[in-house]
Amino acid sequence: WRASPPRFKGAKEVRVPIVSGAGCFTLTLEECCGYTDGRPGPFEGQPCVPVAVPQRFTSGSVCEPLCFTLGGCDGLPQDSLSAGSCEAGGRIPLTSIAAFMRQLLGEDPFGTGGSLVPYVDLHAKYGSENDAGGKVVAISQRQLAFLVANVLMGNDVEIGSDLADTLKRCTGSVHKTYLYSLLSLLAVLSQELNDGSHGSMLVGTTPQELQGEPWKERLANSTILAPTLCERVHDMAWPLSLRRGVPADGERFWKTTNKDGTFSLKSLSGRFVTASPSGNMTAERVAFESWSSFGEEVRGGNGTIAIRSTATMFISADDARVVRAVSNIPTERQDFQQLENPDGTVSFRAAASTPESYLSVGSLDGRQVWTCDAADFMAGGTPEQALTDIAGRVVGGGANLCETAASQDESLVQFYSEVLAFSFFAGSAAMLWVPFTLLGARRYLNYIGGEKSEGFPFGGACGVLSTVDWLNEGISQAKEVVPLSARSVSLASSAFVAVASSSAEVCDLAQAVNNLCPSQRNHIDADVSLWYQAFQPSMYHPAVQQAFGGVVRRIGTGPWGAGAWWGDSQVEFLVTWLATSLLDGAPSMDYYVYDHFCENPANQCLLLAAADCRACITRGSVDPSRCGERDLREVAALFAGRPAAALYEALLAAGPPPRQVFDLIAEKQGSPPSTTTLITPSTAEPLAVTTVQPATTLIMLTGPEPLAMTTVSPPVIAPQVVAPVLAPQATVSPFLAPLAAASPFPAPLIIHQPAEF
């Protein structure tokens, strides 16, 4: 992590003996992984191992020789529970999370004496005396971790919070993702904040009520800016093959040991090698139980191995270099030589291949995955981009914050753990109303994106928790320094914005998915108003307007309005494009097109034209005969650079089905002038605002004493399972105990950290 980057430089890092015969215990965390112990005797030459922060070894040091952690150093007992890692995949055992929680519970991060916290009920709707400028909760990452640790221990505010209610209603059910989400938040912050710092700020805020339709006054003087169009087609699974030549990125894998002694292979592109029961070999975004777990069998005296996915299925390559899993006795076609690369990855050379060929991951059919430079908006990570949560009435929707679901809104909150934690600021028996924005939100879990599958690996869900490496190893470190109230603060360069669209009048579902309902085209003004309210900086409290404008310079969205509420995908694309062009600060719109989005799958294919549209419709209920003749690129070229009023008037005049809106508009507008070019959105200066401190009240935390020690479920340090460390007079979390009683985590909390961290 950023505080001690040498710890994650890779397993093949060159070490040197400590000079003057000194021991590992003399080193700092930053120095530990670069040396071997210099003392003579049993310590000599032992690799130095860092402690798993925020702990210390039983010796009191932060660095000790390997034999100290395993036992056998001059008769000293082992201290494996405290050991960290120098490998590229640093493990965060549950004991580290427990230690971080104990540390937090003994702190006073709000400076109020330890048992008082600032509290604003973000659930309360408009109309009360404090709602004139919207509501704001601005706290640090450490303060949020303090609240999460308290609620996990059974503490709550006197009026009750939805976070505590979530733990109560979800505990005892089959759902566990909410616990993974909260514990993973604490796991990551235990590393990032190990120096005692507060970290970045998080700003949860709701806009004021929209009075009338002020955006209409901007139509004549606002210019339509070209959107960034991102197509995501057929990116569910990448094939495996043998590739000739020297191992490159596609042939290098991280090899991770699982708790049952098997291993998983993860490519540098972040995909897990997977063997399905049918024998198909693919590289998936998510690791899925035994399908992504492998063992190896040594073959004879030539040093080759056979890689098995189950007891009877082995990775095999045919004459065409196509890789499959076959159920037979290994032959030479299943023989591989494992090569260790300097960066700590491994490659697998097919022993029978001439010329040399290597197990390789590649994009499907060589197709372009994205047509833009931005990552999937639902996965996050694009600096200055706000993720659009295509929400219902409340954040998290009908899944009650317990689990992922078949829809985007219910699932997103599990992967963006800080959003889930901010349900603390919704009162008991309530949830966060939309619109809601969390500036500085980051994704903590793998894996979620816009695409889903009805079968493996998603099983119809929008996103799925990986069984291996479920922490987001690419978690954003990009920061923005922005004004907040009377001072400058650092925020993660990302945001989570939950906003609902208008729901169309009920019509036949088969007609809705094919854009055939007249009612789908009758709520243009309402949808522009909802988008404007959520993304216009001046709709928020004056204290956060400048921060909002400084963080949100791009808006990432998919089929907002045309998801589970069955809007017309062409109409809603034009609505979001129009509404974005009316906003202060001129943010760009990154619009993502999927062939099988989480909601209303394949409906977005109708944004493409003719053959492209028909090729896109391979999974879903859309009728290929509904493909039009004009696509979103043509419409973008038709209106980019023109007054917003032109697009608004064209939308109103489009007319009813059955013809698609793009075709109707293009026909009435005629061909675009030959001089028309797409305009690149400019980056504007943040808005000048007044700084008014948001109103807060101090609420007493009730429940067990915050200083009470805590334990979590039995920590798993693969492949060894060890008992939890109980402090004297320990208080066991009422919410984590059922998880421990059922089973330990299926794998340790793992992070594969890139070298620059």
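Residues numbered from 1 in each chain as written. Predicted model: local features only at pLDDT ≥ 70, side-chain atom pairs only at ≥ 80, totals over all residues. Heavy atoms only, no water.

### Quick word on the overall build of the protein chain
Helices and strands together make up the secondary structure of the protein chain, namely 17 helices and 33 strands. With 757 residues in all, the protein chain has 59% of them scored as buried. Sequence-distant contacts in the protein chain: of pairs separated by 6 or more residues, those separated by 24 or more amount to 72%. When the accessible surface of the protein chain is totalled, it reaches about 27600 Å², and 53% of it is carbon and sulfur. (Helix = DSSP H or I, 4+ residues; strand = E, 2+ residues; numbered from the N terminus. Buried < 20%, exposed > 50% of the residue type's maximum accessible area, 1.4 Å probe, protein only. Contact = heavy atoms within 4.5 Å. Areas by Shrake-Rupley, 256 points an atom, 1.4 Å probe, with all protein chains shown as cover.)

### Brief notes about the packing of helix α3 (residues 94-105) against helix α6 (residues 177-192)
At their nearest, the axes of α3 and α6 sit 9 Å apart, and the two run at 80° to each other. Our classification of the angle between α3 and α6 gives roughly perpendicular. Only Leu183, Leu186, Ala187, Leu189 and Ser190 of α6 make contact with α3, whose side of the interface consists of Ile97, Phe100, Met101 and Leu104. Counted by class, the contact of α3 with α6 contains 8 nonpolar, 1 polar and no charged residues. (Axes fitted to C-alpha atoms, helices over the stretch in contact; angles between N-to-C directions. Parallel < 35°, antiparallel > 145°, perpendicular 65-115°, else oblique. Nonpolar A, V, L, I, M, F, W, Y, C, P; charged D, E, K, R; others polar.)

### Considering α6
Helix length check: α6, at 16 residues, gives a terminal C-alpha distance of 22 Å against a target of 22 Å (1.5 Å per residue), a fit within 8%. Across the 16 residues that make up α6, a large majority, 16, are buried. (Expected span 1.5 Å × (residues − 1).)

### Things to note about the state of the cysteines
Overall, the coordinates contain 7 disulfides when judged by the stated rule. Cysteine 32 shares a disulfide with cysteine 63; S-S distance 2.1 Å. Because the torsion about its S-S bond is 80°, the bridge between cysteine 32 and cysteine 63 counts as right-handed. Pair noted here: cysteine 32 is in helix α1 (residues 29-32) and cysteine 63 is in strand β4 (residues 63-65), with a separation of 31 residues, a long-range link. Neither residue differs from the other here; cysteine 32 and cysteine 63 are each classed as buried. Residue cysteine 605 pairs covalently with cysteine 616 via a disulfide, S to S 2.0 Å. (Disulfide = S-S within 2.5 Å.)

### Some details on the packing of helix α4 (residues 141-152) against α6
Put simply, α4 and α6 touch, their axes get as near as 10 Å, and they point 135° apart. With respect to α6, the axis of α4 lies oblique. Our pair here, α4 against α6, has a crossing hand that is left-handed. Across the interface between the two elements, Gln141, Leu144, Ala145, Val148 and Leu152 from α4 touch Leu179, Leu182, Leu183, Leu185, Leu186, Leu189 and Glu192 from α6. (Left-handed = near helix turned anticlockwise from the far one by under 90°.)

### Looking at unusual backbone geometry
Note that the residue after valine 434, namely proline 435, is joined by a cis bond; omega there is 0°. Relative to the helices and strands, proline 435 resides in the loop between α8 (417-421) and β24 (436-439). The omega angle of the peptide bond from proline 657 to proline 658 is 20°, so this bond is cis rather than trans. In this fold, proline 658 is placed in the loop between α15 (644-652) and α16 (661-669).

### A word on the packing of aromatic side chains
Going through the model one piece at a time under the given rule, you end up with 19 aromatic pairs. Note on phenylalanine 253 and phenylalanine 348: the rings are 6.4 Å apart at their centroids and 50° apart in plane angle, and the pair reads as tilted. Residue phenylalanine 253 is located in strand β12 (residues 253-257), and its partner phenylalanine 348 is located in strand β21 (residues 346-350); the two are separated by 95 residues in the primary sequence. Across the pair, exposure class does not vary: phenylalanine 253 and phenylalanine 348 are buried alike. A ring pair is formed by phenylalanine 573 and phenylalanine 662, whose centres lie 6.2 Å apart and whose planes are at 80°; its orientation type is edge-to-face. Residue phenylalanine 573 is found in helix α12 (residues 569-581), and its partner phenylalanine 662 is found in helix α16; the two are separated by 89 residues along the sequence. In this pair, the class of phenylalanine 573 matches that of phenylalanine 662, namely buried. Aromatic ring contacts, followed pair by pair, group Tyr119, Phe422, Phe424, Phe425 and Phe436 into a single cluster. A cation sits over an aromatic face here: lysine 255 above phenylalanine 263, 4.4 Å from the ring centre. (Phe/Tyr/Trp six-rings, centres within 6.5 Å; stacked < 30°, edge-to-face > 60°. Lys NZ or Arg CZ within 6 Å of the ring centre and 35° of its normal.)

### Looking at the environment of cysteine 613
Tracing the backbone through its elements, the reader meets cysteine 613 in helix α13 (residues 610-616). For the pair cysteine 613 and asparagine 603, spaced 10 residues apart in sequence, the C-alpha to C-alpha distance is 9.9 Å. In this structure cysteine 613 touches Cys605, Leu606, Leu608 and Cys627, once residues within four positions along its chain are discounted.

### Some remarks on the pattern of salt bridges
All chains considered together, the criterion is met by 17 salt bridges. With a shortest N-O distance of 3.0 Å, lysine 255 and glutamate 296 are connected by a salt bridge. Of this pair, lysine 255 sits in strand β12 while glutamate 296 is found in strand β16 (residues 295-299), placing the two residues 41 residues apart along the sequence. Its relative accessible area of 30% is what places lysine 255 among the partly exposed residues. The class of glutamate 296 is partly exposed, set by a relative accessible area of 34%. (Salt bridge = Lys/Arg side-chain N within 4 Å of Asp/Glu carboxyl O.)

### Thoughts on the pairing of β24
Residue alternation in β24 divides its side chains into two sets, Phe436 and Leu438 and Thr437 and Leu439, and both sets are buried. Judged from the 3 bridges that link them, strand β9 (residues 201-206) and β24 form a sheet pairing that is antiparallel. For valine 203, the partnering residue across the bridge sits in β24 and is leucine 439. Judged from the 4 bridges that link them, β24 and strand β27 (residues 494-500) form a sheet pairing that is antiparallel. Its bridge partner lying in β27, phenylalanine 436 is registered against alanine 498. (Pairing = 2+ DSSP bridges.)

### Here we look at the environment of threonine 282
Mapping threonine 282 onto the fold places it in strand β15 (residues 281-284). Of the residues examined, threonine 282 reaches a relative accessible area of 17% and is grouped as buried. With 42 residues separating them along the chain, threonine 282 and arginine 324 place their C-alpha atoms 8.8 Å apart. Separated by 2.9 Å, the side chains of threonine 282 and glutamate 284 make a polar contact. (Polar contact = N/O pair within 3.5 Å; in protein donor to acceptor, adjacent residues only side chain to side chain.)

### Here we look at the nonpolar core
Across soluble globular proteins, nonpolar side chains have a tendency to be buried as a group. One finds Phe422, Phe496, Phe535, Phe573, Leu574 and Trp577 to be the most contacted residues of the largest nonpolar core, which totals 155 residues. When residues of this core are assigned to their parent elements, the largest contribution, 10 residues, is made by α6. (Core = buried A, V, L, I, M, F, W, Y, C linked by side-chain atoms within 4.5 Å.)

### Considering the confidence of the model for the protein chain
This prediction gives the protein chain a mean pLDDT of 78; 79% of its residues lie at or above 70. Between residues 672-730, whose pLDDT stays under 50, and residues either more than four places distant or in other chains, the model counts 151 contacts. (pLDDT = per-residue confidence, 0-100.)

### Concerning the side chain of threonine 388
If you trace the backbone, threonine 388 turns up in strand β23 (residues 385-391). When neighbours within four sequence positions are excluded, threonine 388 is seen to be in contact with Phe377, Gln408, Val497, Val499, Trp531, Phe535, Ile555, Gly556, Thr557 and Trp560.

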